[in-house]
Amino acid sequence: MTEKVRVKIHKNASAKIEADIIEFEMPDGSIVIKEGKAFICRCVKSSKQPFCDGAHKECKFE
Ligand code: FES
């Protein structure tokens, strides 16, 4: 794999992954495809793990 992938860590929030196609293999083996960007939860409060749902705003993640 040679494509460049950019990951931006947002202060007190998610990590943003940028790439044309982002493929996630979930714990149950299913595949989730995101195009362009994906936001990964770092605060562990999201109800849509592993993706950010904005819950970090409520839990005041630092
Ligand atoms: S970082 Fe956004 S919900 Fe966890």
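Definitions and cut-offs
Residues numbered from 1 in each chain as written. Predicted model: local features only at pLDDT ≥ 70, side-chain atom pairs only at ≥ 80, totals over all residues. Heavy atoms only, no water. Core = buried A, V, L, I, M, F, W, Y, C linked by side-chain atoms within 4.5 Å. Buried < 20%, exposed > 50% of the residue type's maximum accessible area, 1.4 Å probe, protein only. Helix = DSSP H or I, 4+ residues; strand = E, 2+ residues; numbered from the N terminus. Contact = heavy atoms within 4.5 Å. Pairing = 2+ DSSP bridges. Axes fitted to C-alpha atoms, helices over the stretch in contact; angles between N-to-C directions. Salt bridge = Lys/Arg side-chain N within 4 Å of Asp/Glu carboxyl O.

### Concerning the nonpolar core
Working step 1: Among the nonpolar cores identified, the biggest contains 9 residues, and these are Ala 15, Ile 17, Ala 19, Ile 22, Phe 24, Met 26, Ala 38, Ile 40 and Phe 51.
Working step 2: Every element with two or more residues in this core is listed here: β2 (15-25) and β3 (31-40).
Working step 3: Looking at this core, the element that brings in the most residues is β2, giving 5 residues.
Working step 4: Ignoring anything within four residues of it in the chain, the contact list for Ile 17 reads Val 5, Arg 6, Val 7, Ile 22, Phe 24, Gly 36, Lys 37, Ala 38 and Ile 40.

### Re the pairing of strand β1 (residues 6-9)
Working step 1: Looking at chain direction, β1 and β2 are connected through 4 bridges and run antiparallel. Looking at the pairing, Ile 9 lines up with Ala 15 of β2.
Working step 2: From the end of β1 to the start of β2, which pair antiparallel, there are 5 residues, and Asn 12 there has a positive phi angle of about 55°.

### Comments concerning the pairing of β3
Working step 1: Here β2 runs beside β3; their pairing, made up of 10 bridges, is antiparallel. When the sheet's bridge partners are listed, Glu 18 is paired in β3 with Lys 37.

### Side note on the sheet that holds β1
Working step 1: Pairing is antiparallel across the open sheet formed by 3 strands, whose spatial order is β1-β2-β3. Only two strands of the sheet have a single neighbouring strand rather than two, namely β1 and β3. Recorded for the sheet is a direction-independent mean angle of 30° between the axes of neighbouring strands.

### As for the pattern of salt bridges
Working step 1: Counted according to the given criterion, the structure contains 1 salt bridge.
Working step 2: Two residues, Glu 18 and Lys 16, come together in a salt bridge whose shortest N-O distance is 3.4 Å.
Working step 3: Taking the relative accessible area as the measure of exposure, Glu 18 reaches 31% and is therefore partly exposed.

### Overview of the side chain of Ser 46
Working step 1: Position of Ser 46 among the secondary structure elements: in the loop between β3 and α1 (56-59).
Working step 2: Residue Ser 46 is classed as buried on the basis of its relative accessible area of 7%.
Working step 3: The contacts of Ser 46, once residues within four sequence positions are left out, are Cys 41, Phe 51, Cys 52, Asp 53 and Ala 55.

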